[in-house]
Each structure stands twice: as C-alpha cells, then as structure tokens.
2 protein chains.
Amino acid sequence: MAKKWVYLFSEGNKDMRDLLGGKGAGVAEMTRAGLPVPPGFTITTEACNAFFAGGEKFPEGTWDQVLDALKWVEQQTGKKFGDPNNPLLVSVRSGAKFSMPGMMDTVLNIGLNPQTLQGISRLTGNERFAYDAYRRLIQMFGRIVKDIDGRKFDHILEGYKEKTEGKQDTDLTTDMLKQVVKDYKALYKKELGVEFPDDPLAQLRQAIEAVFGSWFGKRAVDYRNFNKIPHDLGTAVNVQTMVFGNMGFDSGTGVAFTRNPATGDKALYGEYLQNAQGEDVVAGIRTPKKIAQLQDDMPVVYGQFVKVANQMERHYREMQDLEFTVEKGKLWMLQTRTGKRTAQAAVKVAVEMVNEGLITKQEAIMRVEPAQINQLLLPRFDPKAKDVAAGEGKLLAKGLNASPGAAAGKAIFDADTAETLGTNGESVILVRPETNPDDVHGMLVARGILTQHGGATSHAAVVARGLGKPCVSGTEAIRVDTETKSFSANGLTVKEGDLISIDGTTGEVFLGAIKTIAPNFAEEKDLQILLGWANEAKRLGVWANADYPRDATNARLFGAEGIGLCRTEHMFFEEERLPIVQKMILSESEDEREKYLAQLLPFQRSDFEGIFRVMDGLPVIIRLIDPPLHEFLPKYEDLLVEVTNLRGATSFSRDERLVSILEEKEKMLKAVGAMREANPMLGLRGIRLGITFPGITKMQVRAIFEAACNVTKEGKSVHPEVMIPLTGHINELKVTQTALEDVAKAVMKEKGLEIHYKFGTMIEVPRAALTAGEIAQMAQFFSFGTNDLTQMTFGYSRDDAEGKFLLQYVEKKILPENPFQALDRIGVGRLVKMAVEEGRKTRPDLEVGICGEHGGDPSSIEFCHQVGLNYVSCSPFRVPIARLAAAQAALGQVTRDK
Amino acid sequence: MAKKWVYLFSEGNKDMRDLLGGKGAGVAEMTRAGLPVPPGFTITTEACNAFFAGGEKFPEGTWDQVLDALKWVEQQTGKKFGDPNNPLLVSVRSGAKFSMPGMMDTVLNIGLNPQTLQGISRLTGNERFAYDAYRRLIQMFGRIVKDIDGRKFDHILEGYKEKTEGKQDTDLTTDMLKQVVKDYKALYKKELGVEFPDDPLAQLRQAIEAVFGSWFGKRAVDYRNFNKIPHDLGTAVNVQTMVFGNMGFDSGTGVAFTRNPATGDKALYGEYLQNAQGEDVVAGIRTPKKIAQLQDDMPVVYGQFVKVANQMERHYREMQDLEFTVEKGKLWMLQTRTGKRTAQAAVKVAVEMVNEGLITKQEAIMRVEPAQINQLLLPRFDPKAKDVAAGEGKLLAKGLNASPGAAAGKAIFDADTAETLGTNGESVILVRPETNPDDVHGMLVARGILTQHGGATSHAAVVARGLGKPCVSGTEAIRVDTETKSFSANGLTVKEGDLISIDGTTGEVFLGAIKTIAPNFAEEKDLQILLGWANEAKRLGVWANADYPRDATNARLFGAEGIGLCRTEHMFFEEERLPIVQKMILSESEDEREKYLAQLLPFQRSDFEGIFRVMDGLPVIIRLIDPPLHEFLPKYEDLLVEVTNLRGATSFSRDERLVSILEEKEKMLKAVGAMREANPMLGLRGIRLGITFPGITKMQVRAIFEAACNVTKEGKSVHPEVMIPLTGHINELKVTQTALEDVAKAVMKEKGLEIHYKFGTMIEVPRAALTAGEIAQMAQFFSFGTNDLTQMTFGYSRDDAEGKFLLQYVEKKILPENPFQALDRIGVGRLVKMAVEEGRKTRPDLEVGICGEHGGDPSSIEFCHQVGLNYVSCSPFRVPIARLAAAQAALGQVTRDK
C-alpha cells in the first residue's frame, strides 16, 4: 500500500506542523474544533521531499489520494469539480513549517473554464464577477505557476482601465473583462506555446507541482541559507474549497476580533459587508457595517458566529481575529488567528482571562510583550487640549509615527542651537530636513525630533527610538528651510523659537504647545495586577538607574527594588556647581584643589541625602566620578576659534582689555589642550581619575557616608553601595578601595554610627571580566556596565560607530542586532558569564547586576536571568518592562528545564 | 639523639638551599670544591622554625652543636675563640632561601674583647686596626643585634671626625679610636642597662638569636607578603672565620673575573690591593693594581689563585666573579658568583665554552639575555670620543633612553627639511617638541630622533624602535622652538644645521658630532654561531614586520623566516601619493574615487613587487588599510585656525583670492569635520573601512596579486597572505573576504597564473578572540595584533594612557609591567590562548602568529611559545633577539616538561 501523502483537514491538528506545514495544521485544527471550514485537504511535506527524491515526480499514490480527497470534498460541499451546473472551485496554497518568503503564493479559482464559468455566472447571477474570477485565475496561474512576467498581464489590464473614466479595476465592464480574458489567453499561448488548460484537473495538478517546485526556487533557498533553515523540511500544499460572499444579500464577508483589540473590552469587535468578497472589504470601496449589524441582517448567522467566536476563544485560550464568509446564508470560517492588540488591550485581556479561569497567571505573563508596556508609560497629549488645538486649525501636518510619545517645545533648526538651549533646560523640538550623525548631540537634548524626509527606519527614527524620544519623520507636507530657520505647512509658518507639539504615536504635528499628560502608573490597575504576578514569578531583582531624588521616587513608584546606578557626575554639571568644578580641575596645587572640593562636598551630600530618604530600606549603588575631567571644561575647538580671533584682533590694536581676555583664554586653551585625549573613552577616567586625583573620590565617599549617617539619624534605613568604575586590574581596586574604605570608616566614627555598606566595582573593561576571579577578592559586588563593555569588546566607539557604520551593519545583516540595544550574547555575553562564574567562585555571596542600557531590554534581561545575575537595573520608566521580562525569563527557564 | 641543626661548610652543597639558605649553600659548595674558604658552619632554617615553634628558644642540642662546630673551626684555623694569644674572630650573617630585604645584616669581628683585641693588635702590629675593628663590632652589635638607634653611634663618631683635619674615618688616630670605643660602650650601657658583653660566646649566641628574630621583623614579613613568599621557610645563620688582608705586605685583597667581562677574552681580569681590606678596594682610597701584578708581588699566591679560578670555572661551568683575601701569604676565597658581562662578552664566552667542551649548545643559548643582543646590533659612540666631548662640557641634556643606539648629525626641526637633506645623504637628527604621524617621512630618513616631550612609549619612541633608530624622548631640559628652529639647553643654543649627537641607550644629548662605531651583523661571528644553535633549538618561527623592500632585506639578513606584517598605509603617506590619497578620500562619487584608486594601483603594485622579490621563497603577510581615513587629511584644528583667520581677513577686505582660498578651506574643514571621530581608535577603520569603501581594499588586493604574478613570472617563489584588520564578527569577514578573494581569482585568471595564497585576519578586537572558533571558519590564518588587543582589553588608549597614568601605574606597582611592552598574560594572554585553542578546533591547520610589538619582547615570546603560536613577527632589528628568546622558550619548556 502506498504511503499516506494526503490528509483531509479533518484528519490533522495543530501539532502536525512538520507534516502539514503551519497553514495546513492551522486549518485542520479549526476543522477539528468543529468549525464550519470550507472543506479541503493537505498534501504533506513528505510528499514534497519524495517529489524531489524521485526526480520531480509525484511519489506513487499521490495523485490517486488527491483525487480521493477531492471526491470527499465534493461530497461535503455538494458541488463537483468541473461540473458546469454546480462547479466546485478550489484554491491552492503553499504552506511550509515556517512562513517563508520566496515560496509560491496562492492560486485562486482553480476549476474555472468556459463551461464552469457559465455555471458560476448563473449561480451568482453576476456574469461580471464570473469573468473577473476567470481572468484572475489565468493571471495568477500564468504568473505564479508558469512564471510569465506579471507585468505583461498588468499591461493588458492597464490598457482597458485607461479606457474607463475612473481608471480603476472596478470600472471595467463585463464586456471589457471578456476581452481581457481573451487577451490573457492569447498572451499565455504566445508565452508558452500551449493553450491555457481548460481541464480543471490539469490546472490542479500543475498548480500542486508548481508549489513543490518553488521549494527549491532561488529566493527560498537563499532565505533558508541565511536563516539556517534546513533544506529537507519540504513544503506542504493546501487545496481548499472556494467560497464567495458575493452571491447575493444572503451572502457576505467580514472580520472580527473576539474582544476589542484597542481597549481589551470583552465584546465582539469587527465589521462586515453584505454581498461582497474579502478583497472588497480591504479595498474600501464600500463602507463596511459594524459587526453588531449582522444581528439584524442575518440573525441566524450572527448567532452561529457568536457561538463560533466563543468556541474559538475557549479552544485557543486566546483572543482571536476571525475571517468569515457567508455564502447563501451559510457561515464559513476562513481563518482564525491570535488577534493583534494594543498594549492596553494586551494587559486587560490577559488579566481578565485569568479572572475568567481561561488561562493561568503564568500564561498571562507570557502573553504580553514587555516592549509593548512602554506605550502605556509614555507621555501623551491631553486629549481635550489636543482637540482644542485641532479645532483651532493648528494641525500643521501629519508624518510618520516614527517613535512614540508626545512632546512640545521650541522649534529649533540646527543641532548646535538645540544643544545650547537644551542644556540650559529649555524644551526643544529639533526640526531638520533629515538627520545625520552630526545632529546627534542636538537630538540628545531635544524633547522630540521632527523631520521632513525619512521613513520609519531613517536615522532620525532609529536614533529617537533608541533614546526613547518622540519622533515624527517623513513629514513631507512641511518644507524645512535651514537657511531662514523656518518651515511652513498648512498655510502657517513656524520660525525658530516658535512653539510646536509633535505626537510620535500618531505622527501629528501642531502649532503651539499642547499640554502633555504624563502617564499615571498608579491608575493602570490591570498592569499593576499583571506586574504583581510577574513579581511572584521572577527571580531577578529589578532596580533602577536614578541620579536625582525625583528619579528615585519614580523608580519606587514603578516597583524598583533598589538603585543600581546613581551617576554622580551629572550633579557636577549643574549650573551653580560647574564653575567650582572647573576651578577644582584647573587647580595648580593640591591645597587649591582641596579648597574647591570642600565647596562641592555640601552639594553632593545633600544630593545623596535626598536619594537615601526616598530609597528608605532599599540599596542604593552610587558610582564615583567616571568621565574624563575635560568634559567639564569648555570645548577645545571653541577656545581655539576664540583665541585665533582674539589674536587677530589684538594684532591690529593692543586694546588692553582684549589682551587680558586673550591671555586668560590662552591659558584656558593650554590647560584644556593638555587634558585633551586622542580617545577619551580609553583615557584618564573612572578609577584612573581616582588614583591620579584621589581628592575627588575621597570627597565623594565622605559625602555619601555623611549623608548616610544623617539620614539614618532621621530614622530611615540606608544601604549605600559605593561603586568604583572602570577597574581593569585588581591592584587598581586595592589601592582605591582601601583608601576609600578608610574615609568611610572615619566618617562613621565621627558620626558615631555604623552603616551597612558595600564597596564594589563596575565590570566594563574586558580585562576586568577576564580577571573577575581576582577582582572579587576586593569587590563585594559587580555591576556590568555593558555599554562600555560592548564598546571595548567590539572595539566600537558608540558615538562614532552608530553614525558611521553600525546602523549600516545592522541593515546589511552583518550584525543581527545593534549590540548596544540587545546584548551580544556570544561575545560580550561570554565575558559576562565568565565574570559571574569566576567572581562567585572567589566570593560566593558576590552581588552581581547590570546597569547598562541592556538592563531594560527584554532579550538581554532573559540572558541576565540565564547567567544568574542578582538584578538588572534600568531607567525608571523601563522598570515595569524589566519586571515583566524578568518574569518571562524565569517562566521560560522553567519550560526549558522541563 | 638531637636532630642535626648545624652543618659545617664541608657538609653542605649548592642543592641544599632549602635547609642552608642561599648563602650557606653557596659557601658550602665552594668548600666542597676544595677551595680555601675561611672555615665556618651554618645553623639551619629548620632550627629557625623550631626556634619560633618553641617560644623563641634554641631547639634542643643547637647550642651544643654550635660549640662543636666552633671547635672544628678552631682546629682548621689553628686559632681559638676568645684566646688572647691567637684569637679566632667570626662573622654572623643571615641567609634565607631567597635574598630578602629587611632581614638582619652582617655582624663582623665577633670574638673581640679587651683581651683578644690585644692579641690582634700584636699579630697585625697595628693597634689602630684592632681598635677600629673593635669599635665596628660594638657599633654593629649594638645597632643590629640590640636595636640601638644607629644615629647615636654615628653622632659619637662624627664628633671625633670633626676634630680631625680631613674629617674622614681614616683620619682618626688610634687614641681617638680608643676614646670612641669607650664612648660606644657607655652608650651601650645607657641604652640597655647592661655592659657590652666581653664573653665571645655570649656575643655569638645573641647574634644568632637576633638573626632568627629578624625573620618575623615587620619589614621581612611585609616583603614576604607582597612577594607571596611563604612564612615557614625560615632563615639560616652563617658563622664564618674572619680573615684580614691588612696584616702586612704578605696580605692583600682583590676581585677578579675568570674572563674579561667586557670582551669575553679568556684571561684573568681584575685588580687587587696589598695590605688592605675589601672595603678599602670599594672605598677607592688607594689605586688598586692589575691582577697580573700579583704574579710579581706574590708568585705562589698568584699560582694558587689561577688554579682556583680555573677550577671554579670548570666547577660552575660558568665565568666567575671571585673575591679573595690573602692573609699572611695564605689565599682565602670569600665569594664566587657568576660574573656580570657585556653583551659581547656574554656571546663570546658562551660560544667559546661550547667549543671548550665546558657547556652544551643548549646551555650556551640559555646563558645570553636576549635583550642584551640588541647592544651588539646598534651603532654606539666611540667611548674615547664621548669622554672627550663630556670633558669639554658638551653634554647638553639627558632625556629618556627611548630607543637604543647612537647617532650624530645636523639638528633639523621639521620633517620636510629632514626628508630633503636625508634623502640627499646628509646625516640628520630630527628634533621636535614631540612627533606625530605627519613627521614619519622625516623620521624615516633621520639618523636619530630627539623630542622634548613624550615618554618611552610616545609616538617618537615607538616609531624609532620600530625603525631601529636611536631616540631620546622626554628631554624636558631642552626647549624646542619650532618657529626659530632652535633649542637651548645647558646654556648652549642649537640652531638648525648645528651638529648634535644623541645616545638612545643612555639618553644623553651632546653638542657636536661624536664618532660612532657601526655594528656589522655579518661580522659578529660568535653571535652568528649562537643564533645558528638557537635556530636548531627553537620551535617558533621568527618573522619580521617590514613595510618596504629595504626593511625586508634587513629582515632576511637578520634571519627572518617571513614577513608577518607589511603595513600598506605607510605607502599612502609618501609624498607623491598623499595628494592622490586625499583626493580619493574626498571624492564625491564612486566614479571619481575609482579614478584616484586607479592612480594609486601602480604605486602599491610596485611596492609589493619589491618586497616579494626580496622575500623569494618566504611568506609575506600584507595587511590591508587600517587607520581611519581622516589620518590622511590635514588636521581639523589646523584648518579651524586657518579658516578662522581667513574669515577675519576677508571681513576687512573682500580680496577675491582670499575669498576663494577661504571657500576651499571651508570645504576641507567641513569634510574633515564630518570624518572626525570622538574615539578614532574605535571608529571607522580596519575591516569597517573595507566594508564602507570597498574600492580601496579591492585596489590593494589587485595590486598584491598583480605584483605576485609579475614576480612569479620573474622566476621567484611568491607566497602572499592577505590580512584583514580589526575583524570583530564573522559576518564582517564573510562579506569582505569573499569579495576580495573574487578579486584575487580574477587577477590570477587575467595573468594566467595560480599563486599559492592565504586570506586571514588580525585578532585585535576582544570579540574576535572570544569568537575565534567562528572566525576560523573563514580565516586561514590569525595574527594577533596585541597592541590594539591590549588597548581594548585594558581599555587604554596608548597615546593617552602612557602620558597620563600608565607609567605612573607601573611606577606605583599597580601594574607589574607596561602591558604594551610585556604581554599581560592573565588578561590579554587569556584571550590569546582561547583564540588559539578555539581557532584550531575549527581549523586544525590554522596558522597563528603575533605581529604586535610584543613579538620582539623575550617574555612575551616565551608566552607565544607556550600557547603554541606558529611564529612571532617583530621589527627586523629585533629578529636576532627573538630567535634567541624563541630558543630559550623551547629549551625552558623541555626543562619544565622533564
């Protein structure tokens, strides 16, 4: 007996993807669930492999089994393949285990020929429809099965469309379509030397063979090679009865979600059209009705559909997106799949399904994409304020919603000005024809970015998403003039400094500043519930990076369990402090330097007091000064221009005032010049600074411990952890940590208090990871600075690389992902893993976390879970994402371990 | 029976260091060899440990054994301890297994008291000597054994010296010394409350106890902790008969080498003084005689000494440095140790000893320090001429000895002039405040380089060492004025064209031209022989880094077995090419770029042809372009100043010529500005360049293969290996290597030739080492660029770090060594080891080498041998060093494996 090559839909189920392909398994599952699915069958992937093994011939028994299956379909439908009175028409589709571009597409309407066409025409009462279906068959069959250049068919059709008034497909008359059919057939004959096959079985057989053949088409092979998909999976072929929703007013077609995909409310949500085909809904020529209307139009069908919808949701235990057709009062389910939804809906549906007993808490956690939560936590316009602005005609234009969130600020047309204003605390929207790496310093401080050109993957869009800032790109309706620093749109002109508002979630651009509302995490009840469950499931701690008390407050609100990174240098940049910092840096003697450090001490102490108060009871990791000191001084290039100009001026006139300014500037130029570095990222910074100028870090540690003692005296519980950056050699840490611990002890003695504290280091230099076993002799905790670790492990300066080649690398697939967004597991990750293992070997209770940007990236969080970190630390706004991702990682681990 | 705690010198040997300490084992070995050694004995390290275990008491039997041993010594010497007629005096010295600062020093003259002093006085006929010896005993005993502050003794002595004319020890009269003894004894009593012990046995016992006690003195404990020396080794105590060379004209003292330590000639070499003590030779108060004179003065003793010297050399199979004393016509050997020697002597002695059958070839190889060889291969000043110059006050300054060798020539203050004169055959010393890549063309032709700033690893130093040219850097005492083209130092001014001389081995800078002696490798016959033996012993290949045919010629002369690194970008900097390179870089279209690349092709091809011809039969690894392109353009800061000045000028007058220059400069400024990078080391360079601008590397590969084919047609054997720099991800290499191999194949097809070639990559990015297993799928060879690998693994930008903190780190022992000089084995080395192992797992025949500066460093070469590299590649001048180091590594391995 021949092998079973063909499965009726009723014979399969969703677990048979290997044999039936994804599509075949899906439609079998629907059938199995008792849904009214247009009958059909699947030819297996094994048949495909046997087809090639046998020299591109159907393996023995295949065709007979196809004919048997067809007979069964005829019985089910009461129609007959090739019967002019009640013809059965079928579609043929490929369906491999994985969806795969380059595979053969769908061929519809197989079974049509001049005879059956008449039958269809009669049955539908629509001759035009029948001819349109026929010309589509010839076109699809010719192009897809027989490889005729599709443009040749298009050319013929275009010719007829030109003759109509609207120049649309729908404007073609029946007579025109008859003529199209004639021309198509002539084209077919001319190209292939044979007539278009009238025999429905010949059509079917050739279509099936073509699907098999496409498995080794060049594009499919390339795709599999690139994605490392084995070549011996084979593809299945699905043959399914055609149904038509345009057979009268007892017919129709529609789509519906089992719940509202925008809000998550539990109610059918969708639309349908009477006497129409699926493509009519898509084409938008008629306005569809709300799905509820079906209840009035076809009450019986509606009742069936509601039942089916409920059944499907229960069957799949997931919100479904259903496609259906009603043919002469009979409901047919064409497709059901998991419904796409907004973040809000995703959370609500997951939580409610748990309450309904449909899914477990663990499943609910796995149902929500961590990245989606972001949407719930971004600023958005106050809806009323936005309506008012729109009503006043202030909508300037609509571009691409390139990076979500809303922002308002002054329109600024160049990055330098944006940087200057932004650094001074002004709200700025950077407006550019398009952006490039030279604009990044401006983007960094802008509230949002608006560009005239560029798509969703333009430089502006990619950088903005990376920064978590709103961006509207490709706003072709505006005309940006960088010379006059203005743009005009919708009859209005915006000049430099004028207020505008952009909504990166919708792509809208408004004149004036629209009030934005910060999201209110406390009010997101469903999210709170879900994240509560996540906390039960996760093993990783989720901490936050926070430099100021306000950040720390946010962090706690979002559920952070500690501060993983408090950067002290940000404090140095504040307006009242920077002049002192500069004098400290430029001090010519140790005494002078100590004087300025003493002035900085109270500032730092009060910063830390604020954070400790907020974080009562939780650990706070404070990183000592990290950046090169020249970052606190004026830019060398700016000074160079000033000095050059002053030299020119004083060569004409020895104006005493000018000469004295020149002298001062020259002194500063010389000082800054002496501190400049060829590669500041790899220069005098981090722990190296503390060794070279020990006074600075000693002042910081004094400030930390004075603050800790003071706040402890207020009755709070304070857990400072002092983090030393950029360690590369155990001896650096020995020298530094020992000296700083002495300061800590001295302060505690002065204050008469014992604080519970730790000293540890960042692991961000590859050598630190390679010698982590040694470094853990000193460090009580590690925190992976994966930004710098990625920079040094790849040899990428992020500032340079992202503009100059890195994004290109990602585009060309040289890198699978931007390693600054998703942690590179095999390179950087290997160092992380080694360091964790070897550090813990030396010090079993070593506390290990991550404070690079990766700490908020779900894929990287999964890795952190796998290698056994104690916590991840990310920006406060990403804490909810990280909590969910950490829970998913833990649950994924359980699944894998089973 | 009590354990044996005391060993006579005649009972020990050199292998008993654990028990007898280093000093005890050495003196035992001399005794065992039958030399006339002043008799004595050693109290063991075990006794020391037992002393502490028993609460700081001598273990049972110790003192009895000491007394027995003392008796034996008395028999040997015919003297008696404490006998006023013929008193035995002894010294007591500590001697642990390892020489160790902080341990107790020597106490001499033990056994002297008012009675024995008279005996000594009589026997020597020198009362002054006897009192001097006595006051030294009290002083040493009081300070060392009894811990009395040494300054108190000094203070007394100073008081008496003040009263003499010369204010020297030697000016003290006998009466004065008697008074000193009296005062010393009074001090002793005052400090300790007891009299200075007259009993010789009490003196001896207390001295021995003090030695033991010093084992746990604070300094000794700290030293052992720091150097990880176990605390349970204990120290031994050596008690030895005092002998005196100042007992008349039949007495004397001297030192001598068994061979000439300067030349290696086989003849006794040394000096001696009649009627004198060892310290008199050292103090230089009398002029010693040549050792040959001893033959006339004391023919019998001389005969004995010659015999002893020969015997010692044969015994130790090594050139010896001997100390001896003649006491009343009797020769006593005090010490023999391996003699220090010059490079020339080291080589000659090693080779001759093999010829004499004294040592094996392998031993000869192990006898010569690789670094020493360098001295033989560099020009050096004629010593007499240098002395004359110094005598005439022509020493201008002393800087860092940055690159060894000596040179004289005209002081020239800019690279262009240096190049012009140098090319015309003039001897030039390039003098700069500091150098940068723009100066390289001048450095190439200069005889030597002198800089005011920069450390031992500044640009000037590194390039000079690479070129094998003398360099004195960091000469902060000179002030270089590039405007007036002059510098001044030591009250003298040197103007452009004045003759100066620099010695890169010592850091000296002289006014005027001092005669130099040029080495000639071909004439260094002994060295040639030794390196021939090294070649037999070594496993590592030794290749050279060479960018030009002249370097390659040198490399072969020195024995290089291939070119491990030919840097192609140096060729781009040459005068006639740089303008084309700049136009190529600034091209605005691909067509334009191709045009300039086509112009560069013939230059590159002819460069490669020259190298291939020289390297006939040997592999040549050519690295494709590596540095960021902006290095080939004018400096941004220079352009900024020019543009600023031109803007100032044109704001006064719209001079058309100026305006057009301004426009051109502004364009250049913008172009250079767009290419600038925050951290160029981690930016767009290496393989990233080849992916971004594929035309450049394609041109280079075309040039390589055209050259290879052309030279093959001349009948030479050409083995090009194309090296792609800075790979970090396998996909980079896939894209690049595939495209370049296509070019190679196309050229070979055009030329109708098949060349044997390889494609491979540098491993210099940490990620490349971490993913070497993947990278070896493409690369046929790895070459470790340990300069960059060290930079990225440590996170050090060498240019910044060495000036700003790295040298400080080494000074403060935070780093054991400069990791750019000696490969950091535990960090960087771990990556190297991983990469070798995992690369070979993928591709067992992977060729692996190193081309960083470490390739010429003996310690790093040892590591390269251990981890199984195929070859090291270094600058041509270091090839002999590397050959010797490679042989030593192989022989060391054999020893360890035994």
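Residues numbered from 1 in each chain as written. Chains lettered and ligands numbered in written order. Predicted model: local features only at pLDDT ≥ 70, side-chain atom pairs only at ≥ 80, totals over all residues. Heavy atoms only, no water.

Regarding unusual backbone geometry
Residue and element names in this part refer to chain A. The phi angle at N109 is positive, at roughly 65 degrees, despite the residue not being glycine. With respect to the secondary-structure elements, N109 resides in strand β6 (residues 107-110). Using a relative accessible area of 5% as the deciding quantity, one classes N109 as buried. Phi is positive for D147, close to 65 degrees, though the residue is something other than glycine. Tracing the chain through its elements places D147 in the loop between α5 (127-145) and α6 (150-163). (Helix = DSSP H or I, 4+ residues; strand = E, 2+ residues; numbered from the N terminus. Buried < 20%, exposed > 50% of the residue type's maximum accessible area, 1.4 Å probe, protein only.)

Description of the sheet that holds strand β28 (residues 619-623) of chain B
Residue and element names in this part refer to chain B. Taken in spatial order, the 8 strands close into a barrel running β26-β27-β28-β29-β30-β31-β32-β33, and their pairing is parallel. Going from strand to strand, the sheet's axes swing by 25 degrees on average, the running direction of each strand aside. Alignment of strand β31 (residues 781-784) against strand β32 (residues 847-850), held across 4 bridges, turns out to be parallel. Each bridged residue has a counterpart across the sheet, and for S783 the counterpart in β32 is G849. Along the sheet face, helix α34 (residues 828-842) touches β31 and β32 and points at about 175 degrees away from the line of β31. (Pairing = 2+ DSSP bridges. Axes fitted to C-alpha atoms, helices over the stretch in contact; angles between N-to-C directions. Contact = heavy atoms within 4.5 Å.)

Observations concerning the nonpolar core
Counting 292 residues, the largest nonpolar core has F612, F705 and F784 of chain A together with F612, F705 and F784 of chain B as its most contacted members. Apart from the residues lying within four places of it in its own chain, the contact partners of F784 of chain B are I763, L789, V832, A835, V836, V848, G849, I850, C851, G852 and L869 of chain B. In this structure, A50, M104, I138 and F212 of chain A belong to the second largest nonpolar core, which totals 69 residues. (Core = buried A, V, L, I, M, F, W, Y, C linked by side-chain atoms within 4.5 Å.)

Some thoughts on the packing of helix α3 (residues 62-77) of chain A against helix α8 (residues 200-214) of chain A
Residues and elements named next belong to chain A. Here α3 crosses α8 at 125 degrees, and the two axes come no closer than 12 Å. Judged by the angle between their axes, α3 and α8 are oblique. In terms of crossing hand, the pair formed by α3 and α8 is right-handed. Only L201, L204, R205 and I208 of α8 make contact with α3, whose side of the interface consists of W63, V66, L67 and L70. (Parallel < 35°, antiparallel > 145°, perpendicular 65-115°, else oblique. Left-handed = near helix turned anticlockwise from the far one by under 90°.)

So, helix α28 (residues 694-713) of chain B
An α-helix turns once per 3.6 residues; consequently, residues spaced three or four apart project the same way. Residue and element names in this part refer to chain B. The end-to-end C-alpha separation of α28 is 29 Å, in line with the 28 Å expected for 20 residues at 1.5 Å each. Most of α28 is tucked away: 14 of the 20 residues are buried. Remark: G715 follows α28 within two positions and exhibits a positive phi of approximately 100 degrees. (Expected span 1.5 Å × (residues − 1).)

Some details on helix α6 (residues 150-162) of chain B
All names here are of chain B. Spanning 13 residues, α6 covers 18 Å between terminal C-alpha atoms, matching the ideal 18 Å at 1.5 Å per step. Listing the buried residues of α6 in full gives G150, F153, I156, L157, Y160 and K161. Across the axial projection of α6, the buried residues extend over an arc of 140 degrees, all falling on one side. Turned more than 90 degrees from where α6 packs its buried face, R151 and H155 sit exposed. Elements that come into contact with the buried residues of α6 comprise α5 (127-145) and α7 (174-192). (Arc of directions from axis to C-beta.)

Concerning the pattern of salt bridges
Taken as a whole and judged by the stated rule, the model has 117 salt bridges over all chains. Note that E508 of chain A is salt-bridged to K386 of chain A, the shortest N-O span being 2.6 Å. A residue pair is termed long-range when its members are at least 10 positions apart, and E508 of chain A in strand β24 (residues 508-511) and K386 of chain A in helix α16 (residues 383-391) qualify at 122 residues. Where K189 of chain B meets E195 of chain B, a salt bridge forms, and the shortest distance between an N and an O atom there is 3.7 Å. Judged by relative accessible area, K189 of chain B falls into the partly exposed class, the value being 39%. For E195 of chain B, a relative accessible area of 52% translates into the label exposed. (Salt bridge = Lys/Arg side-chain N within 4 Å of Asp/Glu carboxyl O.)

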